[in-house]
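The residues making up each chain are set out below.
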Amino acid sequence: GAVVSQHPSWVICKSGTSVKIECRSLDFQATTMFWYRQFPKQSLMLMATSNEGSKATYEQGVEKDKFLINHASLTLSTLTVTSAHPEDSSFYICSASRQGREQYFGPGTRLTVT
Amino acid sequence: GQQLNQSPQSMFIQEGEDVSMNCTSSSIFNTWLWYKQDPGEGPVLLIALYKAGELTSNGRLTAQFGITRKDSFLNISASIPSDVGIYFCVSGTASKLTFGTGTRLQVTL
């Protein structure tokens, strides 16, 4: 149990376009979902936390207008990178938890902006 | 902000060797988690520690929650090739986790 999926697993987009990444909890209802970013050879950095039906809480330094997060249901959260630039290229990982318990991580989405 | 420093940063070991890595913080934590991340994948929880002094095993892995609550170590016994990956110590609360700097492990045959 406690499986989290992400789609797509990798995506290439052109500079200036937007790209949407989905995070789904497959076998449990996730009251909270988290989005992390990981640059090559670095650790995971929390970008934002979202509770179902509420606005996301962004970490300091993360632009909320650039990284749009929607958590419309208990099994789906989406991250949209708007007007992507090459410096947004990174590995984006989501996690999901139910009622304040352990976070289960997705397999990640590799974004390359050309 | 809170920072978890891991050492060593990376290590090359031979198959069959035991491995030890640790994690230190300037802050006190009530939970220590150890995750492993395979290349191109998300992290997977290995061991969770909830009490100071707690020693917990999961197969060939053993982790301890330091008595000062500012450190933790992870040991891997008799390493095998699939132990390759990045090991992260993680702490915080259920609503916010902080990842350590990571220890990259490479195992040679």
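Scroll up for the structure.
Residues numbered from 1 in each chain as written. Chains lettered and ligands numbered in written order. Predicted model: local features only at pLDDT ≥ 70, side-chain atom pairs only at ≥ 80, totals over all residues. Heavy atoms only, no water.

### Considering the interface of chain B and chain A
Then, number 1: Counting residues at the interface gives 16 residues for chain B and 19 residues for chain A.
Then, number 2: When the two sides are added together, the surface that chain B and chain A hide from each other amounts to roughly 1300 Å², 55% of it contributed by carbon and sulfur.
Then, number 3: On the chain B side of the contact with chain A, B:A94, B:L97 and B:F99 bury the most area, a combined 31% of that side's loss.
Then, number 4: Counting every contact that joins chain B to chain A gives 1 salt bridge.
Then, number 5: The interface formed by chain B and chain A contains 4 residue pairs in polar contact (both at pLDDT 80 or more).
Then, number 6: Secondary-structure elements contributing two or more residues to the side of chain B that touches chain A are β4 (32-37), β5 (43-49) and β10 (96-99) of chain B.
Then, number 7: The greatest single-element share of the side of chain B that touches chain A, amounting to 3 residues, is contributed by β10(B).
Then, number 8: Tallied by class, residues from the side of chain B that touches chain A come to 7 nonpolar, 6 polar and 3 charged. (Contact = heavy atoms within 4.5 Å. Buried area = accessible area lost by both parts, 1.4 Å probe. Salt bridge = Lys/Arg side-chain N within 4 Å of Asp/Glu carboxyl O. Polar contact = N/O pair within 3.5 Å; in protein donor to acceptor, adjacent residues only side chain to side chain. Helix = DSSP H or I, 4+ residues; strand = E, 2+ residues; numbered from the N terminus. Nonpolar A, V, L, I, M, F, W, Y, C, P; charged D, E, K, R; others polar.)

### Examining the side chain of A:Q103
Residue and element names in this part refer to chain A.
Then, number 1: Considering the arrangement of structural elements, one finds Q103 in the loop between β9 (90-97) and β10 (104-105).
Then, number 2: A distance of 2.9 Å separates a polar atom in the side chain of Q103 from a polar atom in the side chain of Y36.
Then, number 3: Within the structure, the side chain of Q103 is placed 2.7 Å from the side chain of S95, a separation counted as a polar contact.

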